[in-house]
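# Fold and contact review
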Amino acid sequence: MCLQVEQIKSLNYEILRSHSIEFLDALKLFKKKTIQLSKNENYILLEKVFEKNITKKKYVYPLWEYMFEFSSIKCEYGWEKFETMLKGKEVVFFFELDDDKNMFFLEDGSILTEILENCYSFVFYITNMHGDFLIAYNDHDYLIGTGNAKEWIEKLKCL
């Protein structure tokens, strides 16, 4: 069947949404607050993350493939672990940079469990404002940690 131009114009297509909008919409559902980092803050933090956790000195897609001295575990719905792993820890949440360049500061990383349960699936990263660790959750359901997070992932393997 061939659609006529008028029929095509009348169809309501869902507009592709950015990961940030999805994330922020889920935050609103739970009345959780976040601070979006400025472009300058993003740049400064990414320099720290790359220096401490990434084998390359510039961004290469996908970032999780270039984490050094990491530990990983295949863990479908890996974000469920954040409720205990990140409880009381200040974190910065961000996405694969080719997909969405926004970064969000959260006072307590444990809230990510309920937020991410209400989002569509995407690759994401978590660090702190010092870049002391990097956690990735990729599109293959792997939870990957480097820096201080390497030990956290190792502990999950024992559960």
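Conventions and cut-offs
Residues numbered from 1 in each chain as written. Predicted model: local features only at pLDDT ≥ 70, side-chain atom pairs only at ≥ 80, totals over all residues. Heavy atoms only, no water. Helix = DSSP H or I, 4+ residues; strand = E, 2+ residues; numbered from the N terminus. Buried < 20%, exposed > 50% of the residue type's maximum accessible area, 1.4 Å probe, protein only. Contact = heavy atoms within 4.5 Å. Areas by Shrake-Rupley, 256 points an atom, 1.4 Å probe, with all protein chains shown as cover. Core = buried A, V, L, I, M, F, W, Y, C linked by side-chain atoms within 4.5 Å. Patch = residues over 30% accessible without salt bridge, like charges linked within 9 Å, V, L, I, M, F, W, Y side chains within 5 Å. Salt bridge = Lys/Arg side-chain N within 4 Å of Asp/Glu carboxyl O. Lys, Arg positive; Asp, Glu negative; His and termini not counted. Charge placed at Lys NZ, Arg CZ, Asp CG, Glu CD. 1 Å grid on protein atoms, 1.4 Å probe; cavity = no way out; pocket = protein on both sides within 12 Å on 5 of 7 lines; lining within 4 Å. Points joined across faces, edges and corners; volume = space filled by probe spheres on them. Nonpolar A, V, L, I, M, F, W, Y, C, P; charged D, E, K, R; others polar. Expected span 1.5 Å × (residues − 1). Arc of directions from axis to C-beta. Polar contact = N/O pair within 3.5 Å; in protein donor to acceptor, adjacent residues only side chain to side chain.

From N to C terminus, the protein chain includes 6 helices and 7 strands. Put simply, the protein chain has 159 residues, and 43% of those count as buried. Look at the contacts in the protein chain between residues 6 or more apart in sequence, and 66% of them connect residues 24 or more apart. Only carbon and sulfur atoms are counted for the fraction: they give 53% of the accessible area of the protein chain, which is about 9,700 Å².

Moving on, we come to the nonpolar core. In terms of nonpolar packing, the biggest core is built from 30 residues, with Phe-82, Phe-93, Leu-112, Ile-126 and Ile-135 touching the most fellow members. Going through the elements one at a time, helix 2 (19-29), helix 4 (82-85), strand 3 (91-95), strand 4 (103-106), helix 5 (112-116), strand 5 (124-127), strand 6 (133-137) and helix 6 (149-157) are the ones with two or more residues in this core. For this core, the leading source of residues is helix 6, giving 4 residues. With sequence-adjacent residues up to four places away left out, Leu-112 is seen in contact with Phe-23, Phe-82, Leu-86, Val-91, Phe-93, Leu-106 and Ile-126. Core analysis: the second largest hydrophobic core is formed by 19 residues, Phe-50, Trp-64, Phe-94 and Met-103 among them.

A grouping of Glu-76, Glu-80, Glu-83 and Glu-117 is seen on the molecular surface, where their side chains present a negatively charged patch. For Glu-80, the position within the fold is in the loop between strand 2 (70-74) and helix 4. Its relative accessible area of 41% is what places Glu-80 among the partly exposed residues.

On to the layout of surface pockets, then. The method is simple in principle: a probe with the dimensions of a water molecule rolls over the atoms, and the space it marks as empty is what remains. Of the voids in this model, the largest pocket is the one considered here, and its volume is about 190 Å³. Taken together, Gln-36, Leu-37, Lys-39, Asn-42, Tyr-43, Leu-46, Glu-47, Leu-97, Lys-101 and Asn-102 form the lining of the largest pocket. It is helix 3 (residues 39-53) that provides the largest number of residues to the lining of the largest pocket, a total of 5 residues. Grouping the amino acids of the lining of the largest pocket by side-chain chemistry returns 4 nonpolar, 3 polar and 3 charged.

The first and last C-alpha atoms of helix 3 sit 20 Å apart over 15 residues, in line with the 21 Å expected at 1.5 Å per residue. Among the residues making up helix 3, those that are buried are Asn-42, Leu-45, Leu-46, Val-49, Phe-50 and Asn-53. Projected onto a plane normal to the axis of helix 3, the buried residues spread over an arc of 140° and lie on a single side. Residues of helix 3 that are exposed and point more than 90 degrees away from the buried face comprise Asn-40, Tyr-43 and Glu-51.

Between Tyr-61 and the following residue, Pro-62, the backbone shows a cis peptide bond with an omega angle of -10°. Structurally, Pro-62 is set in the loop between helix 3 and strand 2. Even without glycine at this site, Lys-31 takes up a positive phi of about 55°. Relative to the assigned elements, Lys-31 resides in the loop between helix 2 and strand 1 (35-36).

A few words now on the side chain of Asn-128. With respect to the helices, strands and loops of the structure, Asn-128 is situated in the loop between strand 5 and strand 6. Separated by 2.8 Å, the side chain of Asn-128 and the backbone nitrogen of Gly-131 make a polar contact. A distance of 2.9 Å separates a polar side-chain atom of Asn-128 from the backbone nitrogen of Asp-132. Residue contacts for Asn-128: discarding those within four places in its chain leaves Leu-45, Glu-90, Val-92 and Phe-133.

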